[in-house]
Amino acid sequence: PPAHSCNDWIGPPDKHSTLRPVIFYAPPEESPLERRLREARQEAQACDQRFWALHNRAFCQEKEEFIYSRLKAKGLELGAETGQKATLNAEEMADFYKDFLSKNYRNHMQYNR
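Here the structure is a predicted model, which is why all the values come from computation and not from measurement. (Residues numbered from 1 in each chain as written. Predicted model: local features only at pLDDT ≥ 70, side-chain atom pairs only at ≥ 80, totals over all residues. Heavy atoms only, no water.)

(A) The overall build of the chain, seen in detail. Of the regular secondary structure elements, the chain holds three helices and two strands. Order of helices (α) and strands (β) in the chain, N terminus to C terminus: β-β-α-α-α. Here the C-alpha radius of gyration of the chain, 21 Å, is well above what a compact globule of 113 residues would show, namely 13 Å. Principal axes of the C-alpha set define a box for the chain whose edges measure 65 × 35 × 15 Å. Residues classed as buried in the chain amount to 20% of the 113 residues present. Within the chain, counting contacts between residues at least 6 apart in sequence, those at least 24 apart form 46% of the total. Of the roughly 9,200 Å² of accessible surface on the chain, 55% is carried by carbon and sulfur atoms. (Helix = DSSP H or I, 4+ residues; strand = E, 2+ residues; numbered from the N terminus. Rg over C-alpha atoms; globule rule 2.2 N^0.38 Å. Buried < 20%, exposed > 50% of the residue type's maximum accessible area, 1.4 Å probe, protein only. Contact = heavy atoms within 4.5 Å. Areas by Shrake-Rupley, 256 points an atom, 1.4 Å probe, with all protein chains shown as cover.)

Here it is in structure tokens:
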């Protein structure tokens, strides 16, 4: 942000966490209490970034493995010979989403706490 800015700045979504990072404004005469609040917000943001980056990476990896294993079981390949990409239907993907959410239930509960 420009040096004369007096506001928080919000950046574009992070490619791993998909969260938009914030650069928090620090006033020149910031009180100790204001500083503690800003630092707590920065720490919470960093924690959120880490959690969602790890979560999204695991989600993408497990989703890819699930699709590959289901297509392989059907005798299909990811890149079909016709040039079209083989996919699963919504019901098949619903199985993955349900299982993924069930496996990560405790992680989500800890995150929300």
